[in-house]
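# Results of the structural survey
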Amino acid sequence: MSDELNPAVPDSATAEGPETEAEETVKQRKNGLYPGVSDELAENMKSGWADTELRDLEPIPQAAETARRRAALSARFPGERLVIPAGNLKTRSNDTEYPFRASVEYAYLTGNQTEDGVLVLEPKGDGHEATIYLLPRSDRENGEFWLSGQGELWVGRRHSLAESEALYGLPAADVRELADKLREATGPVRVVRGYDAGIEAALTDKVTAERDEELRVFLSEARLVKDEFEIGELQKAVDSTVRGFEDVVRVLDKAEATSERYIEGTFFLRARVEGNDVGYGSICAAGPHACTLHWVRNDGPVRSGDLLLLDAGVETHTLYTADVTRTLPVNGTYSEIQKKIYDAVYDAQEAGIAAVKPGAKYRDFHDAAQRVLAERLVEWGLVEGPVERVLELGLQRRWTLHGTGHMLGMDVHDCAAARTETYVDGTLEPGMVLTVEPGLYFQADDLTVPEEYRGIGVRIEDDILVTEDGNRNLSDGLPRRSDEVESWMASLKG
């Protein structure tokens, strides 16, 4: 990574406001090799550049949907100024940053994904006028395009404000002027907190935590039912994820020769080639690591005879993620005890999926799956029945551990800020997408179970769309039944 000029001066306004022209555009790195910029070089860099403005741009595919979402937001909060930031770059170490991912609320309402962006809905008449505030093209007059650490020659070209207006279907303005405008604003204001400290500082005397939380909750609940665009994006994410699982099965011999990281890297390649990224840290848990629910260290051995619990999802370029889990025999064949446990989880998942339908309570699929698992645990003599007692006391949870699913969308655990009465205690509707993912986990040090069970963890997870007449398994491209899994693995390896 080159370091000869790259100072750490952001383009965007700070909490104190944008830099004035009197301030230096560039602050030199302490150990940079160039002490400064000559007047002659600065003048030379201002000219001789071709016009690269992009014209005749088409709106992004979801422009109609984002406009409809903004209209719903406007109707919910009439007469109030609404501020939804994308967020800022976060430092990874010293002067390097993490890859940027826009806030879900902002991306959902705009389709834009660039750092420092802010959507503002200004009250106007019976509704609102929406403006997207963005960083414009890098300035070639003051030299920041080649001297600033976030200048275009360092991190790539940005869209101009005119280009952004064409892409996103709403007026665009310079975000560096926004903080001052918000400081002077009057009337009720709400902001989505936690993404942009500078914007929040400009509104500090105008907002309340309670009112801002109402905005966040509304935007979370708005995503409970997916539109056709979102369902299509989720299907794309799942289809790429299926191909990623196939990739992993084909290289299990290489994973055995190295570690779980070979599996992680293999799936990541598919995610980056076909999508934006992985939707969350891939869980590539072999052997007893499968009993750790969120095993993302992925540094353990992969051994023939063990199970591999692979929980992974591709995130699309529009930030919708899949979330799929399969528990696979590394050598292609389940042992007798592995199959016994796997089949119990499969039966539980079948019961859970069958309970997903419009009009059903959200909790129904969880209850159905947990009942099957409790029945098996009693049948195996691992817990004393009757089953009703086990479920009432939650005794099965020593080995089932987690809930049986969650909403899915732009977040892997989507709609998390929704009210309990509309989510966990709510009713399923067509267009909702959720995971069904029961599991059994017998820890390696659990002395309450026979030794042959210890160190075995099994989870099966699929992404389920609630339809008008039942449900559709978006991830049915991957086999689930144990014999089908073995045949599928053999075909990929053979």
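Located above this text is the structure these notes cover.
Parameters at a glance
- Residues numbered from 1 in each chain as written.
- Predicted model: local features only at pLDDT ≥ 70, side-chain atom pairs only at ≥ 80, totals over all residues.
- Heavy atoms only, no water.
- Helix = DSSP H or I, 4+ residues; strand = E, 2+ residues; numbered from the N terminus.
- Buried < 20%, exposed > 50% of the residue type's maximum accessible area, 1.4 Å probe, protein only.
- Axes fitted to C-alpha atoms, helices over the stretch in contact; angles between N-to-C directions.
- Left-handed = near helix turned anticlockwise from the far one by under 90°.
- Contact = heavy atoms within 4.5 Å.
- Core = buried A, V, L, I, M, F, W, Y, C linked by side-chain atoms within 4.5 Å.
- Domains from an automatic or database assignment.

A cis amide bond links Gly385 to the next residue, Pro386, at an omega of 5 degrees. On the secondary structure map, Pro386 appears in the loop between helix 14 (364–379) and helix 15 (387–393). In the Ramachandran plot, Asn298 falls in the positive-phi region, its phi being about 50 degrees despite a non-glycine side chain. Structurally, the position occupied by Asn298 is in the loop between strand 9 (283–286) and strand 10 (307–312). What makes Asn298 buried here is its relative accessible area of 0%. A positive phi angle is found at Leu401, which is not glycine, with a value near 65 degrees. Tracing the backbone shows Leu401 in the loop between helix 16 (397–400) and strand 13 (433–436). On the basis of relative accessibility, which here comes to 33%, the residue Leu401 falls in the partly exposed class.

This part covers the packing of helix 10 (residues 228–250) against helix 12 (residues 260–274). Across the interface, helix 10 lies against helix 12 with an axial gap of 9 Å and an inter-helix angle of 145 degrees. Where helix 10 crosses over helix 12, the two elements pack in a sense that is right-handed. Contact residues: helix 10 offers Ser240, Thr241, Arg243, Gly244, Phe245, Asp247 and Val248, while helix 12 offers Ile263, Thr266, Phe267, Arg270 and Glu274.

Right, let's get into the nonpolar core. Counting 93 residues, the largest nonpolar core has Leu73, Ile84, Ile263, Ile341, Trp380, Leu440 and Phe442 as its most contacted members. Among the elements that make up this core, the one with the highest residue count is helix 10 (nine residues). Counting contributing residues, this core receives three or more from each of domain 1 (60–221) and domain 2 (226–491). Sequence-distant contacts of Trp380, that is, excluding residues within four places in its chain, are made with Lys340, Ile341, Ala344, Leu440, Phe442 and Tyr453. Among the nonpolar cores identified, the runner-up in size contains 17 residues, and Ala355, Val356, Phe365 and Met432 belong to it.

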